[in-house]
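# Analysis of the macromolecular model
Spelled out, the chains give:
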Amino acid sequence: MSKRPPFTARKAGFIALCLLPGVVFVALFTYYPMIRGNVIAFQRYNLFDITATPFVGLENFRAVLAEPRFWTALRNTGVWVAVSLFFQFFLGFGLALLLRRHFRGRGLYQAWVFFPWAMSGFLIGLLWRWMCNGQFGVINDLLLKAGIIDERIGFLASPGWAMTSVIIANVWYGVTFFAIMIIAALQSVPKELYEAAAVDGASRLRRFWHVTLPHIRPTLALIVLLRIIWILNFPDLIYAMTGGGPAGSTDIVTTFLIQQVAGGDYGRAGAVGLLALGLLLAFSVFYLNATRFEKAR
């Protein structure tokens, strides 16, 4: 056997030189903005007067928490995440079970189902904005022709309809994620387990409940957590469809943050970002403990 050549300082320097561009890129465009944003949260930092940016302690946090629109956005965030996640998960699970079977045209159907995931959230928001238009949107046109409604509905002009519309659009977009991930998880279940269960006389439902679910539970726990984080940090679709309106009825925490940035108040925007991060961290710890993720692995 040939001996491995010694690891010299020259080789170490070459490896470090190769890694340097990536490290610099990540530091400049990921870590620096993150740290700078955290610092700005404790400053009076207004874009229209950047000559004076004193540290003001928790003043920005107090101002945000005293803002009624923030609490409205927080409540809307809970509805947005919970309802979207519920339908995305169960519809995605159903699709995954269907696409797992072999049938003619399966590949074409999978490509059609997975297509939304290849589009940007903002583009999807623009698409659904036109579809939900109260004057010439295709949804109103189809409902009128089907005789379901007698007059056009302003889906994005009414607070109740607006939130329903953005959630439906988000469900349409997110079902694909669950379908992709759950199909991959289902394919990892050993066929021998199903064969053994069938020999023992287990029905299809019992095999699903006692073989499939226990095997893919760790994956389900992880992808649900990831999707909760992504939905909460997904203002693109809402911003393209409604901009948070009408009257803040579709505002979530991240669209509220964008509004602070658009208004030039970077200090408050940083405070909102830190509050959102704190909520996500607290929820993640609670969720992982509640699902006993580590033990499931």
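Report on the accompanying structure. Please read all numbers here as calculations on a predicted model, not as lab measurements. (Residues numbered from 1 in each chain as written. Predicted model: local features only at pLDDT ≥ 70, side-chain atom pairs only at ≥ 80, totals over all residues. Heavy atoms only, no water.)

## Comments concerning the layout of surface pockets
The volume enclosed by the largest pocket comes to roughly 610 Å³. Taken together, 17 residues form the lining of the largest pocket, with L97, R100, Y194, R204 and T212 sitting closest to its centre. Broken down by secondary-structure element, the contributors of at least two residues to the lining of the largest pocket are α3 (68–100), α7 (159–187), α8 (191–199) and α9 (204–232). At five residues, α9 tops the list of elements feeding residues into the lining of the largest pocket. (1 Å grid on protein atoms, 1.4 Å probe; cavity = no way out; pocket = protein on both sides within 12 Å on 5 of 7 lines; lining within 4 Å. Points joined across faces, edges and corners; volume = space filled by probe spheres on them. Helix = DSSP H or I, 4+ residues; strand = E, 2+ residues; numbered from the N terminus.)

## Section: the packing of α8 against α9
Between α8 and α9, the shortest axis-to-axis distance is 10 Å and the interhelical angle comes to 160 degrees. The angle between α8 and α9 places the two elements in the roughly antiparallel class. Note on packing geometry: the crossing formed by α8 with α9 is right-handed. Packed against α8, whose contacting residues are L193, Y194, A197 and A198, the element α9 presents R207, V211, T212 and H215 at the interface. (Axes fitted to C-alpha atoms, helices over the stretch in contact; angles between N-to-C directions. Parallel < 35°, antiparallel > 145°, perpendicular 65-115°, else oblique. Left-handed = near helix turned anticlockwise from the far one by under 90°. Contact = heavy atoms within 4.5 Å.)

## Considering the nonpolar core
The biggest cluster of nonpolar side chains holds 52 residues, and the ones touching the most others in it are W80, F178, I182, L220, L237 and M241. Only α3, α5 (121–131), α7, α8, α9, α10 (235–241) and α12 (266–291) provide two or more residues apiece to this core. Counting residues per element, this core draws most heavily on α7, which supplies 14 residues. When residues no more than four places from it in sequence are discounted, the contact partners of L220 are F89, F93, I182, L213 and Y287. (Core = buried A, V, L, I, M, F, W, Y, C linked by side-chain atoms within 4.5 Å. Buried < 20%, exposed > 50% of the residue type's maximum accessible area, 1.4 Å probe, protein only.)

## Things to note about the environment of M119
Checked against the element boundaries, M119 lands in the loop between α4 (106–114) and α5. Excluding anything up to four places from it in sequence, M119 contacts I124, L127 and Y173.

## Focus: a nonpolar patch on the surface
Together, L17, L20, V24, F25, V26, L28, F29, Y31, M34 and I35 make up a nonpolar patch on the protein surface, roughly 1000 Å² of accessible area in all. With respect to the helices and strands, the residue M34 is situated in helix α1 (residues 9–40). (Patch = residues over 30% accessible without salt bridge, like charges linked within 9 Å, V, L, I, M, F, W, Y side chains within 5 Å. Areas by Shrake-Rupley, 256 points an atom, 1.4 Å probe, with all protein chains shown as cover. Salt bridge = Lys/Arg side-chain N within 4 Å of Asp/Glu carboxyl O.)

## Comments concerning the environment of W230
Position of W230 among the secondary structure elements: in helix α9. W230 sits in the partly exposed class, given a relative accessible area of 38%. Residues in contact with W230, not counting those within four places in the same chain, are W117 and F177.

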